[in-house]
Every structure is written in C-alpha cells, then in structure tokens.
Amino acid sequence: MSRATPPLKTELAAWQVQWQQLDWPQLRRSLLNWYQHQGRSLPWRGETDPYKIWISEIMLQQTQVKTVIPYYQRWLEQFPTVQSLAQADQQTVLKAWEGLGYYARGRNLHKAAQQICQQHQGEFPRQLEQVLALPGIGRTTAGGILSAAFNQPLAILDGNVKRVLARLTALPVPPKQVIKMLWAVSEALLDPQQPHDFNQAIMDLGATVCLPKQPTCLLCPWQQACYAYADHRQNQLPMRTPSAPLPVKKIGVAVIRNAAGQILIDRRLEEGLLGGLWEFPGGKIEPGETVEACIEREIREELDIAIAIDEHLITIDHAYTHFKVNLQVYLCTYGSGEPKPLESQEIRWVDLDQIDEFPFPKANQQIIQALRDRAAANR
DNA sequence: TAGTCGTGGGC
DNA sequence: TGCCCAAGACT
C-alpha cells in the first residue's frame, strides 16, 4: 500500500517544527497595535466587574456578539449582582435566557451564582481551579474571564482562536483532532505582559478579519507571517470533516383545552434537551402510526388522560444542532382523567393571556403565536 | 472520545 | 432553500 500523503504523525511533527519557528514577539506587537486601532467596541469591554464579564462570557459561548448584546443588557438590569442572580428562582432565570438556546448555560449560571455566594462570600473567585469548579465554565471561559477581569496570563481556545491559529500555522488536520496541541500554540503565543488585551485582540481578529469565509487578509496584521496566506490556502483552512445530513423526527403535539378555555402545558425534565422549559405535550410519531393515534397515545402515556382531537393548528419545521423536527400540532379537547406529570417535572392549566410568564423553546413560540392569531380571528 | 445541547446570521 | 457557523461545556 502506497500513501498519497505522508502519515499523520509525520505531518504533525513537521507542523510543530514549523509553528515553533514563528516570531512570537513580532506577532504580539503587530496584533496589539492592530487591536489598538481596529478593536471592537463592546458593552463588556473595559468592564472590570468579574460578574459582568462572566455573564458575557457564558452568553457568548457558541453565540454571536450581535445576538448576545440585548440579552446581556437586559440581564444586568434584572440581575445586577451575583446575589440577585443566586436569589432568583430558576424559572425567572430561564425566562431571561429564553431564546438564547443551550439552556444548560442559564441553569448553570444560576447554580454557579449560588455556589459563589455559599463558597466565596459572593465574590467571584480569582483562582483558576476555583473558577473551573463552577458549573458551565471550562478552560476557555475561565481563561477569558480571568484574563479580562484580572489580567491573568491565561490562554484561550475558542472558535476564533482555533481558526486563526489553524491558518497562521497551516494546520494539516481539523482542529478538533489536535485540541491539546492547539492549546500549546495558544499558550506560546499569548503575550504574558498583556494577556487581557492579547486575548481580546485575537478574538477580534477572528471575528472581523480572519472570518470563516472570505477572510480579509489584506487587512490582517499577521498577513506576512501567515502560512495559509503564503500558500493561498486561507479559504481551505481550517480543515473540517464532512457531516452527515441531519435526521428528521416527526412529532405529534397537542394543544389541550379544558371547558374553562385553559391550555395544558408541561415543564420538561431538568436534564437534557430544553431542560426546565415549558412545552405543549406530545411525542414522536412511530413508523406506521397516524398523527392522531400518536397524539392520543403520547398524551395517555405522559399525562394519563383521554382527549379528543379536533383540528390541525399548524405545522412547524425546526432545526436543532443534531436533528430536525417536524411538529404536527393539533387542537384537542380534554376528556377524562386527572393529568399527572409522568414524564415531566410539572404540569399546569394556563390561560393564553398568562402564557408569556413561562419560558418556552423557539419552536413552541410559533404555536403560541398561532393560538393568538386564531383567538384574534375568532373575535 | 464522540455525542449532546439552541438559535439566528449569512450566504 | 439548506447549510455552515458562532467567545464551548459536559458526559
């Protein structure tokens, strides 16, 4: 067997030799100079309160700056201190997080605030180990917070840094395969004298110049040093492994109304997808099963009640990270039996007017809107 | 280690 | 339209 390309280990060894020859001091100088003139102005930039920096770092996980800004500002008005967050109830916290996604971030933020109050007298910890012990904070977020709040010399490795480093060093494999080695690069590159500005600068570079698609290399302070640019491979890096098409789950959903005109909603289990949020009950349509049969079965299994299915309300297609759903939503009428939360934390009958008090996932908001539209049309 | 975990922007 | 991707953490 002959190989078209060198073995992976040989290739990575050559890569390591190559990136270690980069001129670190020069890279630091040029980046910091660029940052001084071209850095972004952001609400949390220049902030020294570790609580506020922490909130911004959590919100920014896998979420774009533009999306975060309004949430960040509302959050600090509602929960201005660690104490105020710790004392809030989880539903209030999730309502404030509603729409941001990855809801474990909101739940962990709440838990961590309580931990900080109990274990650190309400003061955000400054020791790396203690910060890493807080739920929802990994190595990148810890480095981001401690470098931004206290100028501690800790490297980061977020999506921006991975992309920038993959291009700067012409990484011959997808970043995911060599995370440990990329941490070493990030640590070697970090400016130990100005870790705060350096980390902010490299993220700004990734977010505004070294873009995922069509990077503007002509504006890049690292153009002269960049191995990807030298090889005209900036549009091919970082490498990525092709992903399989997302599976589609078909779901039957019931909007169950009682004689008082109230609607039955349930609160999802604490762990897992959309944990702690409210929803309209329903479940997966089994092969060969009709939507109506599915809904009747799911409602019996989840709530132990009998219902009548009235009419189709709306169909919703929604994409999550690892699958897609097709929601077939039907208006239903409560029949008999006392509803029990057999597969949820809690259930409740609510008026349409009260439903805004509860945090719902995005796909369910479309159902609520359809109910509002229908109520308005019948008026 | 590879899956799980949301939503919106941008093309 | 459908797909990639975003200041990742957790199991």
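This structure is a prediction, so every number in the text was calculated from the model and none was measured.

### Some words on the protein's contact with DNA strand B
1) Next: Inspection of the region around DNA strand B gives 20 residues, with Tyr103, Leu274, Thr321, His322 and Lys362 positioned closest.
2) Next: Those atoms of DNA strand B that come within 4 Å of the protein belong to sugar or phosphate at a rate of 59%.
3) Next: Here a base nitrogen of DNA strand B sits 3.1 Å away from a polar atom, N or O, in the side chain of threonine 63.
4) Next: Note that a phosphate oxygen of DNA strand B is positioned 3.4 Å from one of the backbone N or O atoms of leucine 273.
5) Next: Tallied by class, the residues present in the surface near DNA strand B amount to eight nonpolar, nine polar and three charged.

### Focus: the protein's contact with DNA strand C
1) Next: With respect to spatial proximity, 25 residues lie near DNA strand C, and among them Leu60, Gly136, Asp158, Gly159 and Arg163 are the closest.
2) Next: In DNA strand C, the atoms that sit within 4 Å of the protein are 67% sugar and phosphate, with bases accounting for the remainder.
3) Next: Glutamine 62 places a polar main-chain atom, nitrogen or oxygen, 2.8 Å from a phosphate oxygen of DNA strand C.
4) Next: Separating a phosphate oxygen of DNA strand C from a backbone N or O atom of glycine 136 is a distance of 2.4 Å.
5) Next: Across the surface near DNA strand C, the residue classes tally to six nonpolar, 11 polar and eight charged.

### With respect to the domain arrangement of chain A
1) Next: On domain assignment, one finds that chain A holds domain 1 (8-230) and domain 2 (248-377).
2) Next: One C-alpha centre belongs to domain 1, the other to domain 2, and the line joining them spans 38 Å.
3) Next: Counting residues at the interface gives eight residues for domain 1 and 16 residues for domain 2.
4) Next: Of the roughly 940 Å² buried at the junction of domain 1 and domain 2 (both faces included), carbon and sulfur atoms supply 42%.
5) Next: The largest share of the area that domain 1 buries against domain 2 comes from Gln91, Tyr103 and Arg107, three residues that together contribute 48% of it.
6) Next: Counting across the interface, domain 1 meets domain 2 through zero salt bridges.
7) Next: At the boundary of domain 1 with domain 2, the tally comes to 10 residue pairs in polar contact (both at pLDDT 80 or more).
8) Next: Per-element accounting of the side of domain 1 that touches domain 2 gives the leading share, four residues, to helix H6 (residues 90-97).
9) Next: Residues of the side of domain 1 that touches domain 2, tallied by class, amount to three nonpolar, two polar and three charged.

### Side note on the pattern of salt bridges
1) Next: According to the stated counting rule, one finds 14 salt bridges in the structure shown.
2) Next: The shortest N-O distance in the salt bridge between aspartate 204 and arginine 40 comes to 2.8 Å. Separated by 164 residues along the polypeptide, aspartate 204 in helix H12 (residues 195-208) and arginine 40 in the loop between helix H2 (24-38) and helix H3 (50-59) bring together distant segments of the chain.
3) Next: Under the relative-accessibility criterion, arginine 40 is labelled partly exposed at 24%.
4) Next: For the salt bridge of glutamate 311 with arginine 374, the shortest nitrogen-to-oxygen distance reads 3.3 Å.

### A short note on helix H9 (residues 139-150)
1) Next: Its 12 residues give H9 an end-to-end C-alpha distance of 16 Å, which sits within 8% of 16 Å, the value for a rise of 1.5 Å per residue.
2) Next: Burial of H9 is extensive: 10 of the 12 residues sit out of reach of the surface.
3) Next: Taken residue by residue, H9 has Thr141, Ala142, Gly143, Gly144, Ile145, Leu146, Ser147, Ala148, Ala149 and Phe150 as its buried positions.
4) Next: Tucked inside the fold, the buried residues of H9 contact H3, helix H8 (128-132) and H12.
5) Next: The first or second residue beyond H9 is asparagine 151, which carries a positive phi of 55°.

### Regarding the packing of aromatic side chains
1) Next: Tallied over the entire structure, the rule returns 11 aromatic pairs.
2) Next: Residues tryptophan 54 and phenylalanine 124 carry aromatic rings whose centres are separated by 5.5 Å and whose planes lie at 50° to one another, so their mutual orientation is tilted. With tryptophan 54 in helix H3 and phenylalanine 124 in the loop between helix H7 (104-119) and H8, this residue pair connects regions lying 70 residues apart in the sequence.
3) Next: Tryptophan 54 sits in the buried class, given a relative accessible area of 0%.
4) Next: Each residue in the set Trp15, Trp19 and Trp24 is aromatic and connected to the rest through ring pairs, giving one cluster.
5) Next: Looking at arginine 74, its charged tip hangs above the ring of tyrosine 71, at a distance of 4.8 Å from the centre.
6) Next: Of note, lysine 249 hangs over the ring of phenylalanine 323, and the distance from its end group to the ring centre comes to 4.2 Å.

### Considering the environment of tryptophan 222
1) Next: Note that tryptophan 222 resides in the loop between H12 and helix H13 (227-230).
2) Next: Tryptophan 222 gets classed as buried once you look at its relative accessible area, which sits at 2%.
3) Next: Between the C-alpha atom of tryptophan 222 and that of tryptophan 34, which follows or precedes it by 188 residues, the distance is 9.7 Å.
4) Next: Tryptophan 222 has contacts with Leu27, Ser30, Leu31, Val164, Leu168, Leu189, Ile202 and Leu205, leaving out every residue within four places of it along the chain.
5) Next: There is a polar contact of 3.3 Å between the side chain of tryptophan 222 and the side chain of serine 30.

What counts, and where the lines are drawn
- Residues numbered from 1 in each chain as written.
- Chains lettered and ligands numbered in written order.
- Predicted model: local features only at pLDDT ≥ 70, side-chain atom pairs only at ≥ 80, totals over all residues.
- Heavy atoms only, no water.
- Near = heavy atom within 4 Å.
- Polar contact = N/O pair within 3.5 Å; in protein donor to acceptor, adjacent residues only side chain to side chain.
- Nonpolar A, V, L, I, M, F, W, Y, C, P; charged D, E, K, R; others polar.
- Domains from an automatic or database assignment.
- Contact = heavy atoms within 4.5 Å.
- Buried area = accessible area lost by both parts, 1.4 Å probe.
- Salt bridge = Lys/Arg side-chain N within 4 Å of Asp/Glu carboxyl O.
- Helix = DSSP H or I, 4+ residues; strand = E, 2+ residues; numbered from the N terminus.
- Buried < 20%, exposed > 50% of the residue type's maximum accessible area, 1.4 Å probe, protein only.
- Expected span 1.5 Å × (residues − 1).
- Phe/Tyr/Trp six-rings, centres within 6.5 Å; stacked < 30°, edge-to-face > 60°.
- Lys NZ or Arg CZ within 6 Å of the ring centre and 35° of its normal.

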